[in-house]
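Chain residues, written in single-letter form:
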Amino acid sequence: MVEPNSLSRKLFHAANYSIMIALSLFCLLPFIHIWAISFSDSAAVNGGLVKLWPVDFNLDAYSYILGDSKFGSAFWISLQRTVLGTLINVLLCVLVAYPLSKESTHFPARSVYVWYFMLTMLIGGGLVPNYMAIKAYGLIDSLWALILPGAVSVYFIVLMLNFFRGLPRELEESAFVDGAGHWTILFKIYMPLSLPSIATISLFAMVGHWNAWFDGLLYLNRPENYPLQTFLQTIITQPDMSKLHDVSQMMNVTTRNVKTAQIFVGMLPILLVYPFLQRFFIKGIVVGSVKG
Amino acid sequence: MLRGDFDPPYTLQEGNDEMKSNRWKRNLPLHLMIIPGVILIFLFAYIPMGGIAMAFQKFIPNRGLFGSEWVGFANFVYMINMPDIYDVVRNTVLIAMSKIVLGQFVAIMAALLLNEMRNRRVVRTVQTLIYMPHFLSWVILGGILVDVLSTNGGIVNQLLGVFGIEPIFFLGSNSWFPITLIASDIWKEFGFSTIIYLAALTSINPTLYEAAYIDGANRWKQTLHITLPGIGPIVVLLALLSLGNVLNAGFEQVFMLYSPQVYRSGDIIDTMVYRIGFQDFQYGVSTAVNLFKSVISMVLIIISYRLVYKIANYRIF
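## Side note on the overall build of chain A
Next, step 1: For chain A, the count of helices and strands is 15 helices and zero strands.
Next, step 2: For chain A, the proportion of its 292 residues judged to be buried stands at 55%.
Next, step 3: Counted over contacts in chain A with a minimum sequence separation of 6, partners at least 24 positions apart contribute 69%.
Next, step 4: Accessible area for chain A stands at about 12,700 Å²; split by element, carbon and sulfur atoms hold 70% of it.

Dropping the structure here:
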């Protein structure tokens, strides 16, 4: 379409670009500031000299983190949780979504199952009953307490079953004619065709597991079992650093340096998958929220 | 939303007993597939739902759900008589509503402005930057906020100092704390809603704009009469669906950022439930407060689903 090139239009564009760039900077600058502090010398940080670029560049904070066994083990626990949790999330999601994608006329139990899962979206037990259940199952202080309660995500199931429903029915029909059963159809036909959806859900699940911290705080009593985000939470909200660092280290590295470096490392995995997230999320979100 | 029915070969003759048992055999794998999910949901959703009974008990963990003393509605009476419950409910609704309304407003504005931009690369870059915070946890964002908003060398107060403004206790003063919560929530989430609105905007038929242009409508008129009505349905849909969140003021965010001196303005139902349960160990009262919240939320969710189905013909399942 032809754009009218009047003066007011040009002014509008100038204002528009300025507003949007300001908005983007508003989102970006806090991260750059944190990044700059984490690579700066502690004296400069304490003097308030660090703005958006490291001052007296050094890696003290990072070498401190590398030598911190607590940080390392929390990182390792998070990694385990993310991999194991995502695998279980995706597998269960596919296994539940496939039967639910069938029509009630051919799978009469479907409507019962739909209600069974749907109801959990409306009401939950709440904090204390959930905790008591986990405790009764003996899962306190176990990695499974972080994985099993959220293993079946009704939200993922809805996304997945809508995708399955979009696949042409002839695929299933002809597979039946050729003598295939439901297991074969799911694993040999539906799953390979659903890779984009499975990728979307895997990314959702990965981000969810990596970012989760409150369940760790609730279900794990011993801080050495904390995943990274829970570990970071305790550091950020408890300003008492004497418990966390020995005196010799405090001589060299300010707590602010270390904190920002830890925050930065904590978000690094998300930043690494962000390009993929962007690509799949947009599709997934739009399908999930604007579907007709 | 249900597709037109079709008859796969195995149900061509309905009603026949042999065929029925045949169908059962065919469908057995479907039941087997769904069983693990059913069991996990039972253990981690339905069993805890049974635990709601604690709301009517003086629950003592050692005695369990069956050994604890039943107290009727005593926990609810206790809840109503708590001096800060009204503050907490008011804070919850106020913070949640402001986040929803302002957040959606900012997102719609951003989507409209982005839609006017012609330079694709700038649009992509802006998008990339504005929805990055959505993917980070409140631990990370909270850590960043604590640092940049600090009154002891935080960069925001340094910047305000340049303009001669006294340091502001963003996280420590009752007048600033809710504003900080709302603003930082918008920072985290508006980019996410912007994607949805932008998708709705790009799906508007471009010939409408061309026709309007030929008829002499300027960009402003086009926005008013084509763009806004074009995204109207999705705005209504999202507004209705957010009805269920009126009591969700953002537990993780508040829990990360609050401190006793801002309880008056920033304590919400969820954080109160946590403290009553896991700091005061009054399990029954905690469950009762939570139940009070979930019942209201559930009613709102059901209303919103019904409205959405009626108005937008949209079904969750």
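## Observations concerning the packing of helix 13 (residues 269-278) of chain B against helix 14 (residues 283-312) of chain B
Residue and element names in this part refer to chain B.
Next, step 1: Orientation of helix 13 relative to helix 14, taken along the N-to-C sense of each, is 165°, at an axis distance of 8 Å. In terms of orientation, helix 13 lies roughly antiparallel with respect to helix 14. Our pair here, helix 13 against helix 14, has a crossing hand that is left-handed. For the pair formed by helix 13 and helix 14, the contact residues are Ile269, Asp270, Val273, Ile276 and Gly277 on the first element and Tyr283, Val285, Ser286, Val289, Asn290 and Lys293 on the second.
Next, step 2: Here the residues of the contact of helix 13 with helix 14 are counted per class, giving six nonpolar, three polar and two charged.

## Quick notes on the interface of chain B and chain A
Next, step 1: Taken together, the contact pairs 101 residues of chain B with 111 residues of chain A.
Next, step 2: Summed over both sides, the interface of chain B with chain A buries roughly 10,000 Å², with 74% coming from carbon and sulfur.
Next, step 3: For the interface between chain B and chain A, the tally reads two salt bridges.
Next, step 4: A salt bridge links Arg9 of chain A to Glu116 of chain B; the shortest N-O distance between them is 3.0 Å.
Next, step 5: Where chain B meets chain A, there are 17 residue pairs in polar contact (both at pLDDT 80 or more).
Next, step 6: Per-element tally for the side of chain B that touches chain A: the top contributor is helix 1 (residues 17-50) of chain B, with 22 residues.

## A word on the domain arrangement of chain A
Residues and elements named next belong to chain A.
Next, step 1: Each assigned domain of chain A is listed here: domain 1 (1-58) and domain 2 (60-290).
Next, step 2: Across the contact, 13 residues belong to domain 1 and twelve residues belong to domain 2.
Next, step 3: For the pairing of domain 1 and domain 2, the buried interface totals around 1,000 Å² over both sides, and the portion due to carbon and sulfur atoms is 60%.
Next, step 4: Linking domain 1 to domain 2 there are zero salt bridges.
Next, step 5: Linking domain 1 with domain 2 are three residue pairs in polar contact (both at pLDDT 80 or more), by the criterion used here.
Next, step 6: When its residues are assigned to classes, the side of domain 1 that touches domain 2 shows six nonpolar, six polar and one charged.

## Points about the side chain of Thr223 of chain B
Next, step 1: With respect to the element layout, Thr223 of chain B can be found in helix 10 (residues 219-241).
Next, step 2: When residues no more than four places from it in sequence are discounted, the contact partners of Thr223 of chain B are Glu116, Leu228 and Pro229 of chain B.

Cut-off values and rules
- For every chain, the first residue of the written sequence is number 1, and numbering continues from 1 onward in sequence order.
- To label them, take the chains in the order written and letter them from A, then take the ligands in the order written and number them from 1.
- Residues qualify for local features only when their pLDDT is at least 70, as the model is predicted, and side-chain atom pairs are given and counted only at 80 or more; totals for whole chains, interfaces and linings, by contrast, use all residues.
- Here the side-chain values reflect all heavy atoms present in the structure, with hydrogen atoms and water set aside.
- Starting at the N terminus, helices and strands are each numbered in turn, a helix being any DSSP run of H or I of at least four residues and a strand any DSSP run of E of at least two.
- The buried label applies to any residue whose accessible area, calculated with a 1.4 Å probe on protein chains only, is under 20% of its type's maximum; exposed applies above 50%, and partly exposed to all values in between.
- Throughout, a residue-residue contact means that at least one pair of heavy atoms, one from each residue, lies within 4.5 Å.
- The Shrake-Rupley method, run with a 1.4 Å probe sphere, supplies the accessible areas, and residue values consider only the shown protein chains as cover.
- Axis definition: a line fit to C-alpha positions, over the contact stretch in the case of helices; interaxial angles, taken between N-to-C directions, run 0 to 180 degrees.
- To sort the angles, those under 35 degrees are grouped as roughly parallel, those over 145 as roughly antiparallel, those from 65 to 115 as roughly perpendicular, and the leftovers as oblique.
- Crossing handedness follows the turn of the near helix against the far one: under a right angle anticlockwise gives a left-handed crossing, and clockwise gives a right-handed one.
- In the scheme used here, Gly and all other residues not listed as nonpolar or charged are polar, with Ala, Val, Leu, Ile, Met, Phe, Trp, Tyr, Cys and Pro taken as nonpolar and Asp, Glu, Lys and Arg as charged.
- Two parts placed together each lose some accessible area under a 1.4 Å probe, and the buried area is that loss summed for both.
- Salt bridges are identified by distance alone: a Lys or Arg side-chain nitrogen within 4 Å of an Asp or Glu carboxyl oxygen.
- Polar contact is the term for a pair of N or O atoms within 3.5 Å; when the atoms are in protein, one must be able to donate a hydrogen and the other to accept it, and sequence-neighboring residues count only if both atoms are side-chain atoms.
- As used throughout, domain bounds are those supplied by an automatic or database domain assignment.

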